[in-house]
Amino acid sequence: MGFKGDPVRLLVIPGLNDSGPAHWQTWLQGQYGRRAVRVEQDDWQRPDLLRWSQRIETTVARHPGARWVAVAHSFGCLALLRFLLAQRGEGVQAALLVAPADPEKFDVAAKLPQSLLSIPTTLLASETDPWMPFDSACAWAHVWGARLISLGDAGHINVDSGYGQLLPAKAWVEQAIQHLERGRRIDRAHPLELSFAI
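The structure presented is a predicted model; accordingly, all values stated were derived computationally and were not measured.

Reading the values: rules and limits
- Residues numbered from 1 in each chain as written.
- Predicted model: local features only at pLDDT ≥ 70, side-chain atom pairs only at ≥ 80, totals over all residues.
- Heavy atoms only, no water.
- Core = buried A, V, L, I, M, F, W, Y, C linked by side-chain atoms within 4.5 Å.
- Buried < 20%, exposed > 50% of the residue type's maximum accessible area, 1.4 Å probe, protein only.
- Helix = DSSP H or I, 4+ residues; strand = E, 2+ residues; numbered from the N terminus.
- Contact = heavy atoms within 4.5 Å.
- Pairing = 2+ DSSP bridges.
- Salt bridge = Lys/Arg side-chain N within 4 Å of Asp/Glu carboxyl O.

Colleague: Outline the nonpolar core, listing residues and values.
Modeller: Counting residues in each nonpolar core, the largest one holds 39 residues, and the members touching the most others are Leu11, Ile56, Leu78 and Leu80. Among the elements of the structure, β1 (9-13), α2 (49-61), β3 (68-73), α3 (75-86), β4 (92-98), β5 (121-125) and α4 (134-144) are those that each provide at least two residues to this core. No other element matches α3, which puts 8 residues into this core. Once residues lying within four places of it in the same chain are set aside, the contact partners of isoleucine 56 are Leu11, Ile13, Val39, Ala79, Leu80 and Phe83. Residues Val8, Val71, Ala99 and Leu166 belong to the second largest nonpolar core, which totals 25 residues.

Laid out in structure tokens, this is it:
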């Protein structure tokens, strides 16, 4: 017997210039079909933290009651972090931050969370990322309470670095969804499925 309710969905949050057809985020989105939604910005060339985070809020609001695992890249990570500061309700349940841009480069550090995040978060970093020194990635991961995974010499973890597919991101999404679905079983179960407890 199945469970009631919608499945956990994937929220894809690209960085500057969007993620083109050869980018791993596009590949990842394609793995989940209609269960995946991409946040679309009005201006992909202008990194406006508040506007970008508001667009995440708008996108999530179009799917009331949905629960999400979010996968962000580069400046999209900063927009997601800003969104999480103001998130109300359940919404985004887990986050994967891939090669986040250095907040100091965009002068937005003070507008981001300065303490542990309220959801499970993993930061997938590169030790040769031109947009974020590895030491800074480690420091921010500590601030946010994020699990840090290093891919070593991986550039900005994008197409230019050879990442048309990113298997660690797919594995993380699968694990996050499975964890959240297990946690929802009792909430979503049909009353007859709980008869064993009576």
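Now that the structure has been shown, we can carry on.
Colleague: An account of the pairing of β3 is requested, with residue identities and associated values reported.
Modeller: With 6 of 6 residues buried, β3 lies mostly within the body of the structure. Of the two faces of β3, both are covered, the one formed by Trp68, Ala70 and Ala72 as well as the one formed by Val69, Val71 and His73. Inspection of the sheet shows β1 paired to β3 by 5 bridges, in the parallel sense. Of the residues in β3, the one forming a bridge with valine 12 is valine 71. For β3 and β4, the ladder comprises 6 bridges, and the chain directions are parallel. Opposite histidine 73, over in β4, you have valine 98 as the bridge partner.

Colleague: Which residues make up the pattern of salt bridges, and what are the values?
Modeller: If charged atoms from side chains of opposite charge come close, those side chains can pair. All chains considered together, the criterion is met by 4 salt bridges. Linking arginine 38 and aspartate 18 is a salt bridge whose minimum nitrogen-to-oxygen distance equals 2.8 Å. Residue arginine 38 is found in strand β2 (residues 36-38), and its partner aspartate 18 is found in the loop between β1 and α1 (24-32); the two are separated by 20 residues along the sequence. According to the relative accessible area criterion, arginine 38 is buried, its value standing at 12%. Given the relative accessible area of 23%, aspartate 18 is considered partly exposed. A salt bridge links arginine 46 to aspartate 48, with the shortest nitrogen-to-oxygen separation between them at 3.8 Å. The network of salt bridges with shared partners includes Arg46, Asp48 and Arg51.

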